[in-house]
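Spelled out from the first residue to the last, the chains are:
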Amino acid sequence: MKPMPLTEETMTTANTPAALGFAMPAEFAPHDACWMLWPQRPDTWRYGAKPAQRAFTAVATAIAESETVFVGVNDEQYENARNQLPSHIRVVELSSNDAWMRDVGPTFLTHPDGRLAMVDWDFNAWGGLKGGLYFPWDKDRRIRTKIAEILGIPRFQAPAVLEGGAIHVDGEGTLLVTEECLLNPNRNPDMSREHMESLLRDYLGVSTIIWLPRGCHLDETDGHVDNLCCFVAPGEVVLTWCDDEEDPQYPISREALDILENAIDARGRRLKVHKLPQPAPMYILEEEASGIDRLNSSRPRGPGDRMAGSYVNFYIGNSVVVMPSLDPALDDVTRGILQGIFPSRRVIGVPAREILLGGGNVHCITQQQPRP
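The structure reproduced in this document is the subject of the present report. (Residues numbered from 1 in each chain as written. Predicted model: local features only at pLDDT ≥ 70, side-chain atom pairs only at ≥ 80, totals over all residues. Heavy atoms only, no water.)

### Quick notes on the overall build of the chain
Here's step 1: The helix and strand tally for the chain stands at eleven helices and 18 strands.
Here's step 2: The C-alpha radius of gyration computed for the chain amounts to 19 Å, which stays within 12% of the reference 21 Å derived for 372 residues, consistent with globular compactness.
Here's step 3: Within the chain, the proportion of its 372 residues that are buried is 60%.
Here's step 4: Residue pairs in contact within the chain that sit at least 24 positions apart in sequence constitute 74% of those at least 6 positions apart.
Here's step 5: As displayed, the chain offers around 14600 Å² of accessible surface, 51% of which is attributable to carbon and sulfur atoms.
Here's step 6: The distance from the centre of the 35 positive side-chain charges to the centre of the 51 negative ones in the chain is 3 Å. (Helix = DSSP H or I, 4+ residues; strand = E, 2+ residues; numbered from the N terminus. Rg over C-alpha atoms; globule rule 2.2 N^0.38 Å. Buried < 20%, exposed > 50% of the residue type's maximum accessible area, 1.4 Å probe, protein only. Contact = heavy atoms within 4.5 Å. Areas by Shrake-Rupley, 256 points an atom, 1.4 Å probe, with all protein chains shown as cover. Lys, Arg positive; Asp, Glu negative; His and termini not counted. Charge placed at Lys NZ, Arg CZ, Asp CG, Glu CD.)

What follows is the structure in structure tokens.
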């Protein structure tokens, strides 16, 4: 018998995704597609976003070797994006306030019977009017609804502010998060840790949650876990690593390692932790800061500001792993480590400083659509 489709009525009752059999699959599971957005915001991306557009094109092109890539574009940038992106990348009109698809896009769910659905979290630009990165964010909040309409899939509206970069799952019941982000009062000030855990279990279909205290040093997302640590296989994670005791990242990585090595996942396993070196500290140059318009950004970036560079911010595709190239002294070393972790995938490094200047990296600008 064909399963009954979900309706708006079922999605507003106590029938949560987990209760209905849905769960978030791991990023390393098979994909049907990858979703991205086109950069154009001049107070995020320097020089009218032209350098960033070249970087986004490189990321999209690399991922398109592995799976279908959709790039959402505001109407005024449609022809520019269509002319810059290879013809096999699908360009769709999908208005946004900025280009961080990981955080404004859907969290896709799958069901054992083959259905696809999504979680529609609330979004407040990483902190709302008390610490957020820009205003307004009205177009970003509609992204998930529009993608649900395009794909014709159910959409579960979650009663919480949460971004996609704040969660990472192994597809077998285990979730990685940080306290710094999920318990930050600028997201859900009246929600306790216990309430948040219950909501995550209900909407992601997980049973075990591993809490890390903090994200990477100076991460302006308030410590997204995807910049610090992520699953690469069942029972295996990678962690950004720093050996310099004088670097503020040093104690963050050490405390995370201690928790990870003592954690037990949903299948009763201890985790294997792979260390990825942190690139040398990266700072915004004078000429880079001068190219940014001073408009509605609440955290304008200035010369000398340190950026939260991390090699963990990579994308796992069906046949490729797309990693940011950030430090010439460590790019090849890091690529070799990742190639050892993903022997059946080709690791591709893309120049990513322009993306980092905007506040994130490869993982932040992508969102996988799993194969049902």
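On we go from here.
### With respect to the sheet that holds strand 17 (residues 346–351)
Here's step 1: With respect to topology, three strands assemble into an open sheet ordered 15-16-17, the strand pairing being mixed. Both outer strands of the open sheet, strand 15 (315–316) and strand 17, are each paired with one neighbouring strand and no more.
Here's step 2: Direction of pairing for strand 15 relative to strand 16 (residues 320–325): antiparallel, over a ladder of two bridges. What sits directly across from Ile-316, in strand 16, is Val-321.
Here's step 3: Against the sheet, helix 2 (residues 50–63) touches strand 15, strand 16 and strand 17, its axis set at about 170° to strand 17.
Here's step 4: Against the sheet, helix 10 (residues 331–341) contacts strand 16 and strand 17, and its axis sits at roughly 160° relative to strand 16. (Pairing = 2+ DSSP bridges. Axes fitted to C-alpha atoms, helices over the stretch in contact; angles between N-to-C directions.)

### Thoughts on the layout of surface pockets
Here's step 1: By volume, the largest pocket is sized at about 330 Å³.
Here's step 2: Taken together, 20 residues line the largest pocket, and the ones lying closest to its centre are Leu-218, Glu-220, Arg-301, Arg-306 and Met-307.
Here's step 3: Listing elements by their share of the lining of the largest pocket, those giving two or more residues are strand 14 (306–307) and helix 11 (353–357).
Here's step 4: Classifying every residue of the lining of the largest pocket gives eight nonpolar, six polar and six charged.
Here's step 5: Of the voids in this model, the second largest pocket is the one considered here, and its volume is about 170 Å³. (1 Å grid on protein atoms, 1.4 Å probe; cavity = no way out; pocket = protein on both sides within 12 Å on 5 of 7 lines; lining within 4 Å. Points joined across faces, edges and corners; volume = space filled by probe spheres on them. Nonpolar A, V, L, I, M, F, W, Y, C, P; charged D, E, K, R; others polar.)

### A few points about the pairing of strand 11 (residues 236–241)
The two faces of the sheet receive side chains in turn, since in a regular strand these alternate between them.
Here's step 1: With respect to burial, strand 11 is a largely interior element, five of its six residues being buried.
Here's step 2: The pairing of strand 10 (residues 229–233) with strand 11 spans four bridges and is antiparallel. Each residue of the ladder has a partner; that of Cys-230, found in strand 11, is Val-238.
Here's step 3: From the end of strand 10 to the start of strand 11, which pair antiparallel, there are two residues, and Gly-235 there has a positive phi angle of about 80°.
Here's step 4: Where strand 11 meets strand 12 (residues 272–277), six bridges bridge the pair, whose relative direction is parallel. Within strand 12, the position partnered with Glu-236 by the bridge is Lys-272.
Here's step 5: Crossover strand 11 to strand 12 through helix 8 (residues 249–262) is right-handed. (Right-handed = clockwise from strand over helix to strand, strands pointing away.)

### Overview of the packing of aromatic side chains
Here's step 1: All chains considered together, the criterion is met by nine aromatic pairs.
Here's step 2: When the centroid spacing of 5.0 Å and the interplanar angle of 85° are considered together, the rings of Phe-123 and Trp-126 count as edge-to-face. With respect to burial, Phe-123 and Trp-126 carry one shared label: buried.
Here's step 3: Taken together, the ring pairs in this structure connect Trp-45, Phe-56 and Trp-100 into an aromatic cluster.
Here's step 4: In this arrangement the basic side chain of Arg-41 is found over the ring face of Tyr-134, its NZ or CZ atom lying 4.3 Å from the centre.
Here's step 5: Sitting over the face of the ring of Trp-241, Lys-275 holds its NZ or CZ atom 4.1 Å from the ring centroid. (Phe/Tyr/Trp six-rings, centres within 6.5 Å; stacked < 30°, edge-to-face > 60°. Lys NZ or Arg CZ within 6 Å of the ring centre and 35° of its normal.)

### Concerning unusual backbone geometry
Here's step 1: Note the cis peptide between Phe-135 and Pro-136, where omega equals 0°.
Here's step 2: Positive phi, normally seen in glycine, also occurs at Tyr-47, with a value near 50°.
Here's step 3: Locating Tyr-47 in the fold gives a position in the loop between strand 1 (31–37) and helix 2.
Here's step 4: With a relative accessible area of 44%, Tyr-47 lands in the partly exposed category.
Here's step 5: The phi angle at Ala-49 is positive, at roughly 70°, despite the residue not being glycine.
Here's step 6: Take Ala-49: its relative accessible area is 0%, and that puts it in the buried class.

### So, helix 5 (residues 138–151)
Here's step 1: A bend of about 30° at Arg-144 is the largest found in helix 5.
Here's step 2: Within the span of helix 5, buried status applies to Asp-140, Ile-143, Arg-144, Ile-147 and Ala-148.
Here's step 3: Residues of helix 5 that are buried in the fold lie against strand 1, helix 4 (101–104), strand 4 (107–110), strand 5 (116–122) and strand 6 (155–161).
Here's step 4: Just beyond helix 5, the residue with positive phi is Gly-152, at close to 70°. (Bend = angle between axes of the 7 residues up to and from the residue.)

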